[in-house]
Amino acid sequence: MTSAFKDDLLAGKTAFVAGGTSGINLGIAKRFAALGAKVAVVGRNPEKAANAAREIGGGALGLSADVREYGAIRGAMEQVAQAFGPLDIVVSGAAGNFLAPANGMSANAFRTVVDIDLNGTFNVFRGCYDLLRRPGASLIAITAGQAVNAIPLQIHACAAKAGINQVIRVLAMEWGPDVRVNGISPGPIANTEGMSRLAPDPATREAHYARIAMGRWGEVDEVAECAVFLSSPSASYISGTILDCDGGSQLGDASRRNLGTGLA
Ligand code: NAP
Ligand code: COA
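Since the structure is predicted, the reported quantities are computational estimates derived from the model, not experimental observations.

Draft legend 1. A look at the site of ligand 2. Taken together, 16 residues sit near ligand 2, with Arg44, Asn97, Ser106, Asn108 and Arg197 positioned nearest. Note that an oxygen atom of ligand 2 is positioned 2.9 Å from one of the side-chain N or O atoms of Arg68. Between an oxygen atom of ligand 2 and a side-chain N or O atom of Ser106, the distance comes to 2.5 Å. When isolated, ligand 2 has an accessible area of 940 Å², and the protein chains bury 56% of it. Of all the elements in the fold, those that place two or more residues in the shell around ligand 2 are α4 (107-128) and α6 (193-198). Broken down by element, the residue count for the shell around ligand 2 peaks at four residues, all from α4.

Next comes the structure, spelled out in C-alpha cells:
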C-alpha cells in the first residue's frame, strides 16, 4: 500500500512490540523498522521470535518471554533498553483467542485469555514505564471490537479487551503529559491467526464481508499505518483514544444499507 509517511520518520527511535512475532503485530514491527526504528519483538516461542527478527532485518531483536510473567517481560525490556537505549514506542499486542460458549469453557480457559490479553497489557505497560524516553513516548495497546460489542462465543475476549480499553484510558491520565497511551482496534484482518480461528470456513468469511461498510477485511499494513501515525509527531495531542481500523465494522450490519429500497 502507499504510505503517507516519510521514509526516516522513526529514525533514532526504539520500538518494543510484545506479541510481535507474527500477524498484525509483526506487520507493525516491520513498518517501524522500515521507517528507521530499532525494533525488538517478543513472543513465547524462541524460534518464532528469531525468525521474526530475521524477517524484520536491520538488527532487530527477537526475544522469548510470556507476557503473563511480569519478571520475564520486564527482563526482555531491560535487555532491549540496554541494547538500543530508552524505549520510544511500546506496543502491547499479545493475545489468545478461540471460539467457545461460556458453558463450554473451563475457568482456566477464561482465565488464560484474560491473563494473556489484559494482565499481559498491564505487565507490558507497567514494566516499561521507567525504561521509556520521557517526555515523548508512545504506548499502543491492540484491542478489538469485542471490547465494546457483546459477541457470542467470545466472553473471554470481550471481557479482556474491554479491560484493555480502560487500562489505556487510566494510564493516559496517570502518565500524561510525558507519555501518550492509545489503542488500535482492528476489524477483521486478512491472513491472520485471529481470523483463521474466528472465521475458519469460506462461507463464514463471505457472509462477513457484506456486513462491513468497506465490504472487505482489512490488511495488516493498514493497521501498521495506524501504529505509525499514533507514534508520530502528527499524533502529539492524541492520548487515551482507541483508533478503530475496521472498515466501519463496529457500526453494525452494512448489508442492510439497501433494505426496503428495492435496490440490490
Ligand atoms: P497472532 O498472529 O496469533 O499473534 C499473537 C502474537 O502474540 C504472537 O507473536 C504470539 O507468539 C504472541 N503471544 C501469544 N501469547 C503470548 C504470551 N502469553 N506471551 C507473549 N507473547 C504471546 O495474532 P493476530 O491475529 O495477528 O492478532 C494480533 C493482535 O490483534 C491481538 O491482540 C488480537 O487480539 C488483535 N486483533 C486481531 C484481529 C484479527 O483480525 N486478527 C482483529 C482484532 C484484533 P507466541 O505464540 O510465540 O507466543
Ligand atoms: N475451547 C475451549 N477451551 C479451550 C480451547 C477451546 N477451543 N482452547 C483452549 N482451551 C482451554 C484449555 O482446555 C485449557 O483449559 P483447561 O486447563 O481447563 O483444560 C485453557 O484453555 C488453557 O489452554 P492451554 O492450551 O493450556 O493454554 P496456553 O497458555 O498454552 O495457550 C491459548 C493459550 C489457549 C489462548 C492458545 O490458543 C494460544 O496460545 N493462542 C495464541 C495465538 C492466538 O490465539 N492468536 C489469535 C489472537 S486473536
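Moving on from the model shown.
Draft legend 2. Quick look at the environment of Ala141. Of note, Ala141 is situated in strand β5 (residues 137-142). Under the relative-accessibility criterion, Ala141 is labelled buried at 0%. Those residues within four positions of Ala141 in sequence are excluded, and the remaining contacts are Ser92, Thr121, Phe125, Ile164, Ile168, Asn182, Gly183 and Ile184.

Draft legend 3. Layout of helix α1 (residues 23-34). End to end, α1 covers 17 Å across twelve residues, agreeing with the expected 16 Å (1.5 Å per residue, within 8%). Listed as buried for α1 are Ile24, Asn25, Leu26, Gly27, Ile28, Ala29, Arg31 and Phe32. Just downstream of α1, Gly36 is the residue with a positive phi angle, here 105°.

Draft legend 4. Looking closely at the pattern of salt bridges. For the structure shown, the criterion picks out ten salt bridges. Linking Glu55 and Lys30 is a salt bridge whose minimum nitrogen-to-oxygen distance equals 2.6 Å. With Glu55 in helix α2 (residues 46-56) and Lys30 in helix α1, this pair connects stretches of sequence that are 25 residues apart. Note on Glu55: relative accessible area 46%, which makes it partly exposed.

Draft legend 5. Local environment of the site of ligand 1. Residues in close proximity to ligand 1 total 30 residues, the closest being Thr21, Ser22, Arg44, Asp66 and Thr192. At a separation of 2.8 Å, a nitrogen atom of ligand 1 approaches a polar side-chain atom of Asp66. One of the backbone N or O atoms of Gly194 is found 2.8 Å from an oxygen atom in ligand 1.

Draft legend 6. A look at unusual backbone geometry. Of the consecutive residues Arg134 and Pro135, the connecting peptide bond is found in the cis state with omega at 0°. Checked against the element boundaries, Pro135 lands in the loop between α4 and β5. Cis geometry is adopted by the peptide bond preceding Pro177, which originates at Gly176 and carries an omega value of 0°. With respect to the secondary-structure elements, Pro177 resides in the loop between α5 (155-175) and β6 (179-186). Positive phi, close to 70°, is recorded for Leu153, a residue that is not glycine. Tracing the backbone shows Leu153 in the loop between β5 and α5. A positive phi is found at Asn191, a non-glycine position, where the angle reads about 55°. Inspection of the secondary structure puts Asn191 in the loop between β6 and α6. By relative accessible area, Asn191 is classed as exposed at 75%.

Draft legend 7. Seen up close, the packing of aromatic side chains. For the structure on display, the rule yields two aromatic pairs. Here the aromatic rings of Tyr129 and Trp175 are separated by 4.5 Å at their centres, their planes lie at 40°, and the arrangement is tilted. Taken as a pair, Tyr129 in the loop between α4 and β5 and Trp175 in helix α5 lie far apart in primary sequence, 46 residues in all. Residue classification places Trp175 among the buried positions, given a relative accessible area of 11%. Ring centres of Tyr209 and Trp217 lie 5.5 Å apart, and the angle between their planes is 80°; this geometry places the pair in the edge-to-face category. Positioned above the aromatic ring of Tyr129 is the side chain of Arg134, whose terminal nitrogen or guanidinium carbon lies 4.2 Å from the ring centre.

About the criteria used
- Residues numbered from 1 in each chain as written.
- Chains lettered and ligands numbered in written order.
- Predicted model: local features only at pLDDT ≥ 70, side-chain atom pairs only at ≥ 80, totals over all residues.
- Heavy atoms only, no water.
- Near = heavy atom within 4 Å.
- Polar contact = N/O pair within 3.5 Å; in protein donor to acceptor, adjacent residues only side chain to side chain.
- Areas by Shrake-Rupley, 256 points an atom, 1.4 Å probe, with all protein chains shown as cover.
- Helix = DSSP H or I, 4+ residues; strand = E, 2+ residues; numbered from the N terminus.
- Buried < 20%, exposed > 50% of the residue type's maximum accessible area, 1.4 Å probe, protein only.
- Contact = heavy atoms within 4.5 Å.
- Expected span 1.5 Å × (residues − 1).
- Salt bridge = Lys/Arg side-chain N within 4 Å of Asp/Glu carboxyl O.
- Phe/Tyr/Trp six-rings, centres within 6.5 Å; stacked < 30°, edge-to-face > 60°.
- Lys NZ or Arg CZ within 6 Å of the ring centre and 35° of its normal.

Coordinates in, geometry out; function isn't part of it.
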